[in-house]
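# Survey of secondary and tertiary structure
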2 protein chains.
Amino acid sequence: MSFAHFSELLEHIRARRSPRRLAVVAADDPHALEAVLDAVRDGVVEPILIGDAAAIAILLRRLGERPDRFRIEDVADPTAAARRAVALVHVGEVDLLMKGRLETATLMHVVVDRSSRLRTARVMSHLAVLEIPTYHKLLAITDVALNLAPDVEQKHQITLNAVEALAAMGVVRPKVAVMAAAEELNPKHLDSLDAAELKRRSLAGDLPGCLVEGPISYDLAIDREAVTLKRYASPVAGDADLLVVPGLTAGNLLVKALMFSAGAKFAGLVLGAKVPVVMTSRSSTALDKQMSIVLAAAATRELVHG
Amino acid sequence: MSFAHFSELLEHIRARRSPRRLAVVAADDPHALEAVLDAVRDGVVEPILIGDAAAIAILLRRLGERPDRFRIEDVADPTAAARRAVALVHVGEVDLLMKGRLETATLMHVVVDRSSRLRTARVMSHLAVLEIPTYHKLLAITDVALNLAPDVEQKHQITLNAVEALAAMGVVRPKVAVMAAAEELNPKHLDSLDAAELKRRSLAGDLPGCLVEGPISYDLAIDREAVTLKRYASPVAGDADLLVVPGLTAGNLLVKALMFSAGAKFAGLVLGAKVPVVMTSRSSTALDKQMSIVLAAAATRELVHG
């Protein structure tokens, strides 16, 4: 299964009829709240709004909602709000976290803090999912935001995080392209060596649940014409579900080129903690924010204690 | 001056009415020859075709041309053909080199060989120029092909190579964006430190002929809406002529995303030797090849001994 558009992913999640419980940290943020309300109307999430209760109530009314219909927890301090959200995860009342009106660093500090017990043995990583007008399905890209220059072990875990999230979304055995500038192994290009190692591990069964190709260049990963022209044979070629980029700067340039020059829509979330964290930026559009919530809900399996 | 489309650059070069002398190495390549003939008809270049003379003559006839109207030099061995082209540079008969039917490595080996005396004190670098449907002018990107992970001194020279080529094309005082994942200086991101250093040098007058901004992210370099939204103030922002990428893999991903997902047309050339070298790949379209010749001709000042 794969999704051609975010709208299909949304339909898939609606059809599950089991909204995920979303804690919004510092929820007195008009854009975040607007996106949350859209996701509530779509039946994707049930929110717990943590933050300055009076400010949240004012914003809800402005957005045409009755505050008394929502669970609001009055915790004005952003760090305290983040800690409250974490506590709700531990008691099994929350499936997802979302950043509201606070600095990314403030929220991440609480999430990664060992005392929060939100971290697992896994590396934490970011998963971006893009709807690119010229590509035939949603394309996931990792890690374009958290890990600056991951080594091969970290890339292995980053890939696993993404593959598991895609599996939860319903993308079975995703096709993974580990990116480099070319297909040849080049001892001077660490990217190419790491990519070959991830493919080797996949063939050896050590990277389960997916099909890995690498090193592979962008054109061969996503463009069927280029694949034919270069006579490149791989089940992943021209049909990748997930690109693993060599580092943060390369990934950032790639994703921004797709968003700002190819008209791609963007959703993103942080994986590797006990629950996914929706972390949109100030400049995200309302649609990007909403799709990030949909993506996070889709990437979450129903919790046993749910 | 800037060019919105390759067609405007072509018009600019035609108006100069002084075709550059182009030596095609191993010219018995149908796609390269076709592109050269188009450039000849446009008055952009006068070619010297070096290679297997019989094969070149056959191809010319197939392309509807009379072989006796061209200067053909019969040097069948590719390395010998490359050396002959270099000799013609030294006697002032050639302004540009172009790769025909030989391996890039074979041609580059001759170009960089000290005994060829084609190298200057400069780092050799690649300049890509893209026509992106969603951008308001041609966008140059360097270095996406030659230097794997340049240090700040190499980036300085790579930038100078590109700025001088743009100046020769008629792009006065190009706006240079030195790319990073974000605008903040981050000691862990060498990219951001190098970018800040290049900006410092520019302000100090050590990087003449251009306007440098950095570290800067892709959206702020090319998207005016993002610039307004993020309230970012810089004369370069949203209007970059040249992006300097942190390394080859990041640049490759960026350029291929623009080509294969944003519908960009591509031209490229190698700078830093005595003359520019046109180096297109097997998978380049005929238009990409032709525009690379136009770009190279445009990037060459009239030689004194011309």
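Residues numbered from 1 in each chain as written. Chains lettered and ligands numbered in written order. Predicted model: local features only at pLDDT ≥ 70, side-chain atom pairs only at ≥ 80, totals over all residues. Heavy atoms only, no water.

Looking up chain A in an unreviewed UniProt entry gives the name Bifunctional enoyl-CoA hydratase/phosphate acetyltransferase, with the organism given as Siculibacillus lacustris. According to its UniProt record, chain A has this under Sequence similarities (unreviewed entry): "Belongs to the phosphate acetyltransferase and butyryltransferase family." (UniProt positions renumbered as here; feature names shortened; annotations may be inferred.)

A surface patch of nonpolar side chains, amounting to about 290 Å² of accessible area, comprises A:Leu185, A:Leu190 and A:Leu193. Mapping A:Leu185 onto the fold places it in the loop between strand S7 (175-179) and helix H7 (190-203). (Patch = residues over 30% accessible without salt bridge, like charges linked within 9 Å, V, L, I, M, F, W, Y side chains within 5 Å. Areas by Shrake-Rupley, 256 points an atom, 1.4 Å probe, with all protein chains shown as cover. Salt bridge = Lys/Arg side-chain N within 4 Å of Asp/Glu carboxyl O. Helix = DSSP H or I, 4+ residues; strand = E, 2+ residues; numbered from the N terminus.)

Within the structure shown, the criterion is met by 48 salt bridges over all chains. A salt bridge links B:Glu164 to B:Arg122; the nearest nitrogen and oxygen atoms lie 2.9 Å apart. Here B:Glu164, found in helix H6 (residues 152-169), pairs with B:Arg122, found in the loop between helix H5 (104-112) and strand S5 (125-131); they are 42 residues apart in sequence, far enough to count as distant. Each member of the salt-bridge network shares a partner with another, and the members are A:Lys137, A:Lys175, A:Arg224, A:Asp239 and A:Asp241.

Superposing chain A onto chain B takes a rotation of 180 degrees combined with a translation of 0.0 Å along the rotation axis, leaving an RMSD of 0.0 Å. What we have between these two chains is a two-fold relation. A share of 100% of interface residues in chain A that are also interface residues in chain B marks the association as one of identical surfaces. (Least-squares fit on C-alpha atoms with pLDDT ≥ 70 in both. Contact = heavy atoms within 4.5 Å.)

Look at helix H4 (residues 78-90) of chain A: 19 Å from first C-alpha to last across 13 residues, which is about the 18 Å you get at 1.5 Å a residue. One or two positions beyond H4(A), positive phi appears at A:Gly92, with a value near 80 degrees. (Expected span 1.5 Å × (residues − 1).)

Another aspect to go through is the domain arrangement of chain A. All names here are of chain A. You can read the domains of chain A as domain 1 (1-119 + 273-306) and domain 2 (124-272). A straight line from the C-alpha centre of domain 1 to that of domain 2 covers 27 Å. Each partner contributes residues to the interface: domain 1 has 30 residues there, and domain 2 has 27 residues. Broken down by element, the side of domain 1 that touches domain 2 gets its largest block of residues, seven residues, from helix H11 (residues 286-298). The residue inventory of the side of domain 1 that touches domain 2, partitioned by class, reads 20 nonpolar, five polar and five charged. (Domains from an automatic or database assignment. Nonpolar A, V, L, I, M, F, W, Y, C, P; charged D, E, K, R; others polar.)

Residue and element names in this part refer to chain B. Two elements in contact, helix H4 (residues 78-90) and H5, have axes whose closest approach is 9 Å; the angle formed by their N-to-C orientations is 40 degrees. Overall, the two elements H4 and H5 adopt an arrangement that is oblique. Helix-helix and strand crossings are classified by hand; for H4 and H5 the assignment is right-handed. Listed contacts from H5 to Thr79, Ala82, Arg83 and Val86 of H4 are Thr106, Leu107 and Val110. By residue class, the composition of the contact of H4 with H5 is four nonpolar, two polar and one charged. (Axes fitted to C-alpha atoms, helices over the stretch in contact; angles between N-to-C directions. Parallel < 35°, antiparallel > 145°, perpendicular 65-115°, else oblique. Left-handed = near helix turned anticlockwise from the far one by under 90°.)

Cross-referencing UniProt, the feature "domain: Phosphate acetyl/butaryl transferase" (unreviewed entry) maps to residues 82-297 of chain A in the present numbering. Each end of residues 82-297 of chain A is marked by a C-alpha atom, and these two atoms are 19 Å apart; helix forms 40% of the span and strand 18%.

Further remarks concern unusual backbone geometry. A cis amide bond links A:Thr142 to the next residue, A:Asp143, at an omega of -5 degrees. Along the polypeptide, A:Asp143 turns up in the loop between strand S6 (139-142) and helix H6 (152-169). Residues A:Gly214 and A:Pro215 are joined by a peptide bond in cis, for which omega reads -5 degrees. A positive phi angle, close to 50 degrees, is found at B:Arg231, a residue other than glycine. Residue position: B:Arg231 is located in the loop between helix H9 (224-229) and strand S9 (242-244).

Below, the discussion takes up the interface of chain A and chain B. Every contact between the two is made by 32 residues of chain A and, on the other side, 32 residues of chain B. With both chains or domains summed, chain A and chain B bury close to 2700 Å², and 68% of this area falls on carbon and sulfur atoms. Sorting the residues of chain A by area buried against chain B places A:Leu253, A:Phe260 and A:Ser261 first, and these three jointly supply 23% of that buried surface. Seen at the junction of chain A and chain B, the total is two salt bridges. Secondary-structure elements contributing two or more residues to the side of chain A that touches chain B are helix H8 (218-222), helix H9 (224-229) and helix H10 (248-260) of chain A. Tallying contributions element by element places H10(A) first for the side of chain A that touches chain B, with 10 residues. The class makeup of the residues in the side of chain A that touches chain B is 19 nonpolar, seven polar and six charged. (Buried area = accessible area lost by both parts, 1.4 Å probe.)

To continue, consider the pairing of strand S8 (residues 211-216) of chain B. Residues and elements named next belong to chain B. Extensive coverage of S8 is indicated by the burial of five of its six residues. When strand S7 (residues 175-179) meets S8, the two strands line up parallel, connected through four bridges. If you follow Val176 over to S8, its bridge partner there is Val212. You can see the chain leave S7, run along helix H7 (residues 190-203) and come back into S8, and the turn it takes is right-handed. (Buried < 20%, exposed > 50% of the residue type's maximum accessible area, 1.4 Å probe, protein only. Pairing = 2+ DSSP bridges. Right-handed = clockwise from strand over helix to strand, strands pointing away.)

Along any regular strand, the residues point their side chains to alternate faces of the sheet. All names here are of chain B. One ladder, built from four bridges, connects strand S2 (residues 45-51) with strand S3 (residues 71-74); its direction is parallel. Within the sheet, the bridge partner assigned to Gly51 lies in S3 and is Asp74. Handedness of the crossover is the feature at issue here: the chain leaves S2, passes through helix H3 (residues 53-62), returns alongside S3, and the resulting connection is right-handed.

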